Every structure is written in structure tokens, then in C-alpha cells.
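Listed here are the chains, written in short residue letters.
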2 protein chains.
Amino acid sequence: MAAAAPHSLLLQKPNPGTAAFTNPLPLTPTAHLATKPLRPLSIKCAATTHQIQDPPHAAQPRPQDRVFNFAAGPATLPENVLLRAQSELYNWRGCGMSVMEMSHRGKEFSSIIQKAESDLRALLEIPADYAVLFLQGGATSQFAAVPLNLCSPDDPVDYIVTGSWGDKAFKEAQKYCKPNLIWSGKSEKYTKIPSFGDLQQNPEAKYLHICANETIHGVEFKDYPVPKNKGGILVADMSSNFCSKPVDVSKFGIIYAGAQKNVGPSGVTIVIVRKDLLGNAQGITPVMFDYKIHADNNSLYNTPPCYGIYMCGLVFEDLLEQGGLREVEQKNQRKAEILYRAIDESKGFYRCPVEKSVRSLMNVPFTLEKSELEAEFIKEVAKEKMVQLKGHRSVGGMRASIYNAMPLAGVEKLVAFMKDFQARNA
Amino acid sequence: MAAAAPHSLLLQKPNPGTAAFTNPLPLTPTAHLATKPLRPLSIKCAATTHQIQDPPHAAQPRPQDRVFNFAAGPATLPENVLLRAQSELYNWRGCGMSVMEMSHRGKEFSSIIQKAESDLRALLEIPADYAVLFLQGGATSQFAAVPLNLCSPDDPVDYIVTGSWGDKAFKEAQKYCKPNLIWSGKSEKYTKIPSFGDLQQNPEAKYLHICANETIHGVEFKDYPVPKNKGGILVADMSSNFCSKPVDVSKFGIIYAGAQKNVGPSGVTIVIVRKDLLGNAQGITPVMFDYKIHADNNSLYNTPPCYGIYMCGLVFEDLLEQGGLREVEQKNQRKAEILYRAIDESKGFYRCPVEKSVRSLMNVPFTLEKSELEAEFIKEVAKEKMVQLKGHRSVGGMRASIYNAMPLAGVEKLVAFMKDFQARNA
């Protein structure tokens, strides 16, 4: 493909304009869920020609119907999980209802949320003295919930800010306690992680907060600072690398994550909290932000986001079937390795600003030396059914998000395109 | 059926125990989405024998695979909406992605949320000076968000409490302002709505709050009190009767509703707020509870519950295709009428405690004169594939929730069963 002329790469445009989205069916559908003939698909890459086998059954329906979606979240989900969800959407395992219709207190949904929690506990080896909560409102809600649950208004807390999300968490905390910014990467455009030894932690702080992976800037903690506060409490926003690799949960007081990157659709927020931290929420804490209320009610104090929790459960099951998070981490390392190598070996045609030792395995931001070509890059890559590669509006350039569910074939196809684009534009 | 012996009513048990829910398929599915032969279904009722034609295409898949789900929420959804959602779950209208995978800032999802809002505006004839917000966290989050957005900590507000949900809203408001309970139905076990003329409203109150329909107690406002406060602000929790009938939105400052009763799955909360009320949130208001931030960002300040919003959009489309909310209200009145009549004509065998003039069209609580038979009633009715009829644990007895998506045939089948059960147990 590297030698191919660009016109030979043209495929059907993957994203029709909004105008094309008018419903093709009457809402009382006449079309049925047709199955398609099995047909293996081969994708030619610069390096090799091989069958897509990720996931193994991908030929049904044919994967060429799918785009490779590099969105930062909501993001691509495992094809087998989507097919399972589709097959049981109308009638879940013969119970006569969709999961979307089930009472959250009925035995069917109880079995779903209990299995989701136990599978997540198995994946992350979550100790028994940690509660697992399935909540709503995204990490943005947790930016307030963490200080509201752990602090009094005058308590000091420490924040390390390595990107936009950590900065938002720091600013929200100012409403509920006295956060201290002990390190910020802003002056270096969020391309680094601090050396832990140099951090001036406050021993009186109620917790130390980090964002484990910055989705926009592509900076990821590879190890974690040891909290020097009396409680020894480290709090991490893991939204964009949750379940992408093993984590020693016992090092954390609280881990929280929006589901819509690696483990499910948007609308579910998972909070893993050490039980001894429950029960100290400020008086102004909304019921929905009080961890103890949700822990005491097994996430069923009020109606949870049932369908999203069901989808997360299917993903957890898939991650276990893949062999668990060590296996998943190796796949993620391999994908990131070939993409960063393509950038670093481009003789400066492509550039990633992030310090090599802390580059994210999940979000890979890069720019073109000839920035005037970036719009053309986005346009051409979309014609190849590789979508959502535009960088965040705050940083520009490109960003490839390669979460758990992005197949190796997707990254190989992107790398092949990048080499071809460079050959034609160097 | 009224004359039939109970054993002749036995059908396959609709709800297998949790143990039966272990996955029948490997997660890399080999089963395809088989279509089933068309076959009309006839259900014998005491009154009549007729074809189920609600929805018209219900023979595909065969509706006998479905139970009639009387759950209070999450609740039954329109079959045609579920079939549409299933048909496009894996690949939404040829874009190569599931709706669950779409960037919330991409043009595909933009078209989905914009259509959902415009269809909702058409259904409820929402004036242009009202913002429509698609949020998370359920009505329980709004119990805090309403006072946080409308009051200072010392401001008085008025609450009318006609059931458990109004009571929860009143208690949560105590954290953020000075709520005054101007009427409570608690001493009469929440079976009444007050006469508006007798209410002692505080002219200094920032708003007057009601719960338009109490899901647990089955008490529904048929008209609305005129707020006597200076701003003339009436706030209503419409979670369990939202879009069940026309509403004059201009009479309200804020209408809020969890979606999981009449318009979608759980995990989406809709807030309709008069724009002049935006921008006065208390300093301690979490970003996620600040209406102005969500209004200024068209509900995309952070990642919204995308799939739930998509499902709500399909339901709004279906309600418009049914002819709008006047048509929907007539169907709901008809369903409620035959159920309440069956109760009232049972010579006291069945009893509904709610004052007739304010009985809910959505939630019908009833008890048996012989309360020792209630467990048997629940057991037998479940064998008839009519599920979730147990009353809320706080009130006992039975409750039939008959939201928009409950077909007339479901209510007719329940009434037929009730008459048969009475004939066998009177």
C-alpha cells in the first residue's frame, strides 16, 4: 500500500452527512435482521497481508461494514460484545424483556449487576475492603464527589496536574476544600510527568490526586507517587486507561473512571473506594454524590444506568475471556509500539510532543511537520474508513485513541496509511 | 378465560431464576439473529377475543415471546422501538459504528441529539424561551439541582408533598435553602391532592415544588396550582407521567423527569427550564448540576448518556407517529379506565385507596380484601406472563404501572386474570 497511488485507496466515504441520516425505515420496521454470508477479509498493509482475526468471528457480519474508530470516547467497542448485545436486545435470554425494560430490583437485573461487579473484581483483583460503585455523571461528577466525601471545607489536599482533566478536577475541588497545586505540566504544554522525589507533598493533605492518563495530551503515569499524607490516600482518575492494564488497587484510596473509553458506553461511572473512607461526606453533599449511600445500597439507591452496566458486564466478560489484564496490556503495548515507531521513524514528518517515557498506550497525539497538510491527512484517512483522528480542539493536530477494543489491524492500517501519506507528501 | 380452570392458564414460567442466566452462548457468538415466521397471536379475554395489534407489526418477532411488564420503571418500551434499536445496534444507518461508539461531538450523534430535542419540543410544544437539557443522575439529582440553581441558602421555598418522591425532594432541599412543607398527604397515606385554594403559599418563596405523579402511591395532579410567589415559579417532578399527556409547559419554571418510565431507558434525565432562571447557581453547585453550563453547551459540556438519548429519540418519534400526546393521553385514559373499573366493580375484592378524582393514569396500586391471597395472586399472574405487579415494599399490595408503552391488550389480559382470580377466590 505504501507504493500505491492515493486514488487506489479510495473506498466508500464512511460518514454520510447529517442529511443522509433521515430514517431509511418506517418506525414500524418491515426489515428484518438479515444475516450475511461469511467471507474472510484481507487488508493489505505495507508490511504484510493477513486475515483480520480480531475478534475471531469478525466475518459475521462482515467487518468491512465497520470503520476503524479512533475516537477518544465514546469509543470503539468489541465487535463480539456488540453482536451479543444485538442478539439479546429484544428479549434477554428468554425472560421476555429487554435489559432496558427490567426493573432494577428484579432478579434478572440483579444477576446482571452482580456478575458485572464480580467480573470487575476478578479483572482488577479488587480487595474485599474496597466498595465498587456503578454511578452516573462521568468523571466530572467525581471531581466534586471526591472532595465532598473526603474533606471538610478547610482541609488541604494535593493535586498533580499533568493535563486538562487533572486541571478541571483541581478547579472543581476549590469549591469544597483547599486544594494545593503541587505540580503542573502546563508550562511545558502537558508533555511530562514529574519526578516523584521532587514533589512537595503536604503531610496534612487529605489526599493526593492524579489523572492516571490524560486523554487529550497523551501523558500516562507508568508508576504512581506514594502519598505522604497521614492517611496515605492516593486518588486517581483512570477514565481513559481503566482496565487497559493491571493496577494494584491497594495503592489507592479511590479510583474512578467514566466507562466510555475501555469498558462500555457513556453514562456509567465506576468508583472503587476503600471502605474506611465512606461515611464522612460534607453536609452539603447531594445524596447522589454520597459514596456511603450507594455502597450501602449496592448501587441501587435509585435507578442506576441499567443498560450501560449490562454493556460493561459484557465487556468485563470479554476481557476475562481474553486472558485478563496482563494479556490486554500486552496487546495495547504492541499497538502503541508500532504507532509510536512510525512517528519516531518518520524523520520528523510526524511528531509526538510527549516525553517518550510517559507516552500513553491509549491516546497518541501527533502533528505534521508541514501543519498545512493536516486537514488533507484527516480527509484522506477518513476515506480509508479510519475516523475521529482529529486532535482535540484545544491542542490541534491528530490524535489516535487505541483503546482495548481497537484491533491491531486498525493500528496497522493507520500506520500503513501514514507511511503512504508521507511518501506522497515528504 | 374467566371460566377457565387455573391450571389451564399455566404457561411457561416467564422469569427463570438467576441460576438460569449463565450465558448460553460463547461470548464470540456463533448464533445469528434469526427471524421467525409471521404468525398472528390471539389472546382470549373475558370480554372478547381479538388480535394483538398494538404495535401493528408485533408478530415479528412473535409477541408471545414477550411478557407484559407492569414494572414502575425501568418499564416496558414500545416493541417497534426495541426492534428498530436492535436492527441498527451494530451499525447505525451505515455509518460503520454503533451509536454506543460514536463521539458525542461527531456529526452522527449531533444529528441524533438534535432530532431528539426537536421532536420533544414538538411533542410538548415547548416554547423557545425554555432550554431542554439531557442530563444524568435521575430525579434524585434534581432534588438538589433545583434549589442549587434557584436559591440562596436562606431563601424560602414551598413544597407540596403528595407521596414518597415529593418527600425526598423536600428533604434534599433542606441542604440548600429553607423549604417549607405547605401541605402533606402523609397522615392520609398519600391518597389525596390538596385543594389549591386552601394552600398557604409564601409570596417570598423562590418556587413552589410538586411531584406531578407519585409513582409509589398512584396519586396524580389533574390540574396544577398557580404559584403565588413573586417569580410565579412552579417546579414539577414529572418523572412518572412525562409525555403521557399534553402539558402547558409555559405554566412551569422547571419540569424534570427521569426517562425510564415513559420515554426511554434509565440513565437519562430531562430538564426543561425557563431560560431566565439560568445563571444564578450557588457557588457550591457542582459543575454537573449547573443548568447554565449544560444549556450553554447544548447538553454536551461533558459526555452525555448517548445511547439513552438515542433511545429517547426513537420513543419521541414513535409518540409523534401515534399522533402526539392527545392521542397518547386517550389511550392511557382507556387503559386506566378498564383497570380502575375492574377494581371498583369487584365488590371490594380489590381495593384502590386513592381518591377517585386524583387516581394516576400511570400507576395503579390496589390491594386484596383478603390480603392473605396477595402472594398467590402475584404467583399466578406471573405464570400468565404478567410480571412486576408486586406493590412497592413501602406500601405492599399490588401495583400495575401502565405507561405509554403498555399495550391495551396487556391491561385487558390483567383485568381478565383479575376477574378469573376473583371468581376462584371470592
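Naming follows an unreviewed UniProt entry, where chain A appears as Phosphoserine aminotransferase of Punica granatum. According to its UniProt record, chain A has this under Pathway (unreviewed entry): "Amino-acid biosynthesis; L-serine biosynthesis; L-serine from 3-phospho-D-glycerate: step 2/3." UniProt annotates chain A under Cofactor (unreviewed entry) with the comment "pyridoxal 5'-phosphate".

Caption draft 1: Representation of the overall build of chain A in the model. A tally of regular secondary structure across chain A gives nine helices and 16 strands. Looking at chain A as a whole, 63% of its 426 residues qualify as buried. Carbon and sulfur atoms form 52% of the exposed surface of chain A, whose accessible area is close to 15700 Å².

Caption draft 2: Examining the sheet that holds strand E16 (residues 398-401) of chain A more closely. Residue and element names in this part refer to chain A. Here we have three strands laid out as an open sheet, ordered E13-E14-E16, and antiparallel in their pairing. Looking at the sheet topology across the chains shown, the edges are occupied by strand E13 (350-351) and E16. Of the strand pairs in this sheet, strand E14 (residues 363-368) and E16 are connected by four bridges, and their pairing is antiparallel. Bridging from a neighbouring strand, Phe-366 pairs with Met-398 of E16. Against the sheet, helix H8 (residues 374-383) engages E13, E14 and E16, with an angle of about 125 degrees to E14.

Caption draft 3: Expanded view of the side chain of Thr-285 of chain A. Position of Thr-285 of chain A relative to the elements: it lies in the loop between strand E12 (269-274) and helix H5 (291-296). A relative accessible area of 2% places Thr-285 of chain A in the buried class. Setting aside residues no more than four positions away along its own chain, Thr-285 of chain A makes contact with Leu-148 and Asp-290 of chain A together with Lys-175 and Tyr-176 of chain B.

Caption draft 4: The nonpolar core, seen in detail. Counting 203 residues, the largest nonpolar core has Phe-242, Tyr-307 and Phe-377 of chain A together with Phe-242, Tyr-307 and Phe-377 of chain B as its most contacted members. Look past the residues within four positions of Phe-242 of chain B in its chain and what remains in contact with it is Leu-120, Leu-124, Ile-255, Ala-257, Asn-262, Val-263, Ile-270 and Ile-272 of chain B. If you look at the next biggest cluster of nonpolar residues, it comprises 66 residues, including Cys-151 and Val-271 of chain A together with Ile-233 and Ile-254 of chain B.

Caption draft 5: Structural detail: the UniProt feature "domain: Aminotransferase class V" (unreviewed entry) in chain A. On the UniProt side, "domain: Aminotransferase class V" (unreviewed entry) is annotated at positions that read residues 67-414 of chain A here. The distance separating the terminal C-alpha atoms of residues 67-414 of chain A is 12 Å; by composition the span is 31% helix and 17% strand.

Caption draft 6: Main features of helix H4 (residues 164-173) of chain B. Those residues of H4 of chain B that fall on the buried side of the exposure criterion are Gly-166, Asp-167, Ala-169, Phe-170, Glu-172 and Ala-173 of chain B. Packed against the buried residues of H4 of chain B are helix H3 (138-150), strand E5 (156-161), strand E6 (178-184), strand E7 (208-211), strand E8 (213-214) and strand E11 (254-258) of chain B.

Caption draft 7: Fine view of the sheet that holds strand E16 (residues 398-401) of chain B. Residues and elements named next belong to chain B. Taken in spatial order, the three strands make up an open sheet running E13-E14-E16, and their pairing is antiparallel. Both edges of this open sheet fall to strand E13 (350-351) and E16, since each of them pairs with a single strand only. Inspection of the sheet shows E13 paired to strand E14 (residues 363-368) by two bridges, in the antiparallel sense. From the neighbouring strand, Tyr-350 faces E14, where its bridge partner is Leu-368. Packed onto the sheet, helix H7 (residues 325-344) meets E13, E14 and E16 and runs at close to 15 degrees relative to E14.

Caption draft 8: Region of interest: the packing of helix H8 (residues 374-383) of chain B against helix H9 (residues 408-425) of chain B. All names here are of chain B. With their axes 11 Å apart at the nearest point, H8 and H9 run at an angle of 130 degrees to one another. Our classification of the angle between H8 and H9 gives oblique. When you trace H8 past H9, the crossing you get is right-handed. Contacts from Glu-376, Phe-377, Glu-380 and Val-381 of H8 reach H9 at Leu-414, Phe-417, Met-418, Phe-421 and Arg-424. For the contact of H8 with H9, the residue count by class is six nonpolar, no polar and three charged.

Caption draft 9: Examining the domain arrangement of chain A more closely. Residues and elements named next belong to chain A. Partitioning chain A into structural domains gives domain 1 (79-322) and domain 2 (324-424). The straight-line distance from the C-alpha centre of domain 1 to that of domain 2 is 27 Å. Each partner contributes to the interface: domain 1 provides 25 residues, whereas domain 2 provides 25 residues. For the pairing of domain 1 and domain 2, the buried interface totals around 2200 Å² over both sides, and the portion due to carbon and sulfur atoms is 55%.

Caption draft 10: Molecular detail of the packing of helix H7 (residues 325-344) of chain A against helix H9 (residues 408-425) of chain A. Residues and elements named next belong to chain A. Interaxial distance between H7 and H9 falls to 9 Å at its minimum, and their mutual angle equals 5 degrees. The angle between H7 and H9 falls in the class roughly parallel. Each of Arg-334, Lys-335, Ile-338, Leu-339, Ala-342 and Ile-343 in H7 lies in contact with H9, whose residues at this interface are Leu-408, Val-411, Glu-412, Leu-414, Val-415 and Met-418. Residues belonging to the contact of H7 with H9 are distributed by class as follows: nine nonpolar, no polar and three charged.

Caption draft 11: Layout of the side chain of Thr-140 of chain B. Take Thr-140 of chain B: it is sitting in helix H3. Setting aside its immediate chain neighbours within four residues, Thr-140 of chain B contacts Val-287, Met-288, Tyr-301 and Asn-302 of chain A together with Trp-165 of chain B.

Caption draft 12: Local environment of the environment of Ser-346 of chain B. Position of Ser-346 of chain B among the secondary structure elements: in the loop between H7 and E13. Since its relative accessible area comes to 2%, Ser-346 of chain B is described here as buried.

Caption draft 13: Quick look at the packing of aromatic side chains. On inspection of all chains with the given rule, the structure shows 30 aromatic pairs over all chains. On the numbers, 5.8 Å between centres and 70 degrees between planes, the contact of Tyr-159 of chain B with Tyr-207 of chain B is edge-to-face. With Tyr-159 of chain B in strand E5 and Tyr-207 of chain B in the loop between E6 and E7, this residue pair connects regions lying 48 residues apart in the sequence. For the pair Tyr-159 of chain B and Tyr-207 of chain B, one class covers both residues: buried. Between Arg-66 of chain B and the ring centre of Tyr-90 of chain A, over which it is positioned, the NZ or CZ distance is 5.3 Å.

What counts and how
- Residues numbered from 1 in each chain as written.
- Chains lettered and ligands numbered in written order.
- Predicted model: local features only at pLDDT ≥ 70, side-chain atom pairs only at ≥ 80, totals over all residues.
- Heavy atoms only, no water.
- UniProt positions renumbered as here; feature names shortened; annotations may be inferred.
- Helix = DSSP H or I, 4+ residues; strand = E, 2+ residues; numbered from the N terminus.
- Buried < 20%, exposed > 50% of the residue type's maximum accessible area, 1.4 Å probe, protein only.
- Areas by Shrake-Rupley, 256 points an atom, 1.4 Å probe, with all protein chains shown as cover.
- Pairing = 2+ DSSP bridges.
- Contact = heavy atoms within 4.5 Å.
- Axes fitted to C-alpha atoms, helices over the stretch in contact; angles between N-to-C directions.
- Core = buried A, V, L, I, M, F, W, Y, C linked by side-chain atoms within 4.5 Å.
- Parallel < 35°, antiparallel > 145°, perpendicular 65-115°, else oblique.
- Left-handed = near helix turned anticlockwise from the far one by under 90°.
- Nonpolar A, V, L, I, M, F, W, Y, C, P; charged D, E, K, R; others polar.
- Domains from an automatic or database assignment.
- Buried area = accessible area lost by both parts, 1.4 Å probe.
- Phe/Tyr/Trp six-rings, centres within 6.5 Å; stacked < 30°, edge-to-face > 60°.
- Lys NZ or Arg CZ within 6 Å of the ring centre and 35° of its normal.

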